[in-house]
Amino acid sequence: MRLNRLLKRRSLWLAIALFILVLLCYSTPVRALFNQRFLVQQLQELGHWAICLFILVYALATVLGIPGTVLTIAGGTVFGLVWGTFWSVIGATLGALGAFWVARYLLRDWVEYKFRHHKALVSFNQAVMETPLMFVLAVRFAPISPFNVVNFLFGLTPIGSVEYTLGTFFGIIPGTLAYTWLGVTGGEALQGGDRLPFFLALSFLGILSALPLLAKRKKK
């Protein structure tokens, strides 16, 4: 009885937290995270502090479940292809680790109680146990995978923090590079520069997104 009450209270608080998060995203300055022009302007005005703020905001946004695509593109515009990719990967990895810990220490008991026999969760757990590092790399490699959802999902599995962090860091590099490249080339195209690099960046992102689908077809 006590366990049931605790789980019910936890689910209620989670629902309240989700509702507050939605309000924050649409009725407070947090919505600026979806405004690329505003982000670029603010980062450019901060000078050397821009890197620290960018990583911090990226990490916090990831923990809160806010998509970081706009941040990644803005990072490419401000920091360039190489450093923009690097700082985005750092921020995303830190945020993913934070979300992982939140899921592991706050949500795991409730999810196991509710969904321990669900086929999707059982299959996910089995894949993690067989090849933890390679499975994380494979999941993270696809830019179309729901990054924020996967962060919490991995926290519900028995995978270790080291394998999860390494797999996340290296696995998201290709996708982050693609979005950062879009930020760099998109800014140049809007200013009347060469549009070919922008279309190459789009093609690169499209190829990365299609690879997992092609791999599944080959297995079948």
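## Some details on the packing of helix α3 (residues 49–63) against helix α4 (residues 69–79)
- Interaxial distance between α3 and α4 falls to 11 Å at its minimum, and their mutual angle equals 170°. Taken together, the axes of α3 and α4 lie roughly antiparallel to each other. Note on element contacts: α4 touches α3 through L71, T72, G75 and F79, opposite A50, I51, F54, V57, Y58 and A61.
- When grouped by side-chain class, the residues that make up the contact of α3 with α4 number 8 nonpolar, 2 polar and no charged.

## A word on the packing of aromatic side chains
- Tallied over the full model, the rule gives 9 aromatic pairs.
- Taken together, a centroid distance of 6.0 Å and an interplanar angle of 70° make the contact between F135 and F154 edge-to-face. Note that F135 is positioned in helix α7 (residues 132–141) and F154 in helix α8 (residues 147–155), a separation of 19 residues in sequence.
- Relative accessible area serves as the criterion here: at 0%, F154 is assigned to the buried category.
- Taken together, F100, F135, F154 and Y164 form an aromatic cluster joined through their ring pairs.

## Some points on a nonpolar patch on the surface
- On the surface, L46, W49, L53, L56 and L60 cluster together into a nonpolar patch covering about 520 Å² of accessible area.
- When residues in the nonpolar patch are grouped by element, the largest group, 4 residues, is from α3.
- Mapping L60 onto the fold places it in helix α3.

## A closer look at the environment of V63
- With respect to the helices, strands and loops of the structure, V63 is situated in helix α3.
- Given a relative accessible area of 28%, V63 falls into the partly exposed group.
- Sequence separation between V63 and F152 is 89 residues, and the spatial gap between their C-alpha atoms is 9.1 Å.
- Once residues lying within four places of it in the same chain are set aside, the contact partners of V63 are G95, G98, A99, V102 and F152.

## A few points about helix α9 (residues 161–171)
- Taken together, the buried positions of α9 are occupied by Y164, G167, T168 and G171. For α9, the angular spread of the buried residues around the axis is 100°, confining them to a single face.

## Some words on the side chain of R104
- Within the fold, R104 resides in helix α5 (residues 81–115).
- The side chain of R104 sits in the buried core without any salt bridge; E163 is the nearest counter-charge, 8.1 Å away.
- A polar atom in the side chain of R104 sits 2.3 Å from the backbone oxygen of T157.
- If sequence neighbours within four positions are ignored, R104 has contacts with F154, G155, T157, P158 and I159.

## Some thoughts on the confidence of the model for the protein
- Residues at a pLDDT of 70 or more form 70% of the protein, whose mean pLDDT is 76.
- Note on residues 1–8: pLDDT is under 50 here. Beyond four places in sequence and across chains, it has 4 contacts.

Cut-off values and rules
- Residues numbered from 1 in each chain as written.
- Predicted model: local features only at pLDDT ≥ 70, side-chain atom pairs only at ≥ 80, totals over all residues.
- Heavy atoms only, no water.
- Axes fitted to C-alpha atoms, helices over the stretch in contact; angles between N-to-C directions.
- Helix = DSSP H or I, 4+ residues; strand = E, 2+ residues; numbered from the N terminus.
- Parallel < 35°, antiparallel > 145°, perpendicular 65-115°, else oblique.
- Contact = heavy atoms within 4.5 Å.
- Nonpolar A, V, L, I, M, F, W, Y, C, P; charged D, E, K, R; others polar.
- Phe/Tyr/Trp six-rings, centres within 6.5 Å; stacked < 30°, edge-to-face > 60°.
- Buried < 20%, exposed > 50% of the residue type's maximum accessible area, 1.4 Å probe, protein only.
- Patch = residues over 30% accessible without salt bridge, like charges linked within 9 Å, V, L, I, M, F, W, Y side chains within 5 Å.
- Areas by Shrake-Rupley, 256 points an atom, 1.4 Å probe, with all protein chains shown as cover.
- Salt bridge = Lys/Arg side-chain N within 4 Å of Asp/Glu carboxyl O.
- Arc of directions from axis to C-beta.
- Lys, Arg positive; Asp, Glu negative; His and termini not counted.
- Polar contact = N/O pair within 3.5 Å; in protein donor to acceptor, adjacent residues only side chain to side chain.
- pLDDT = per-residue confidence, 0-100.

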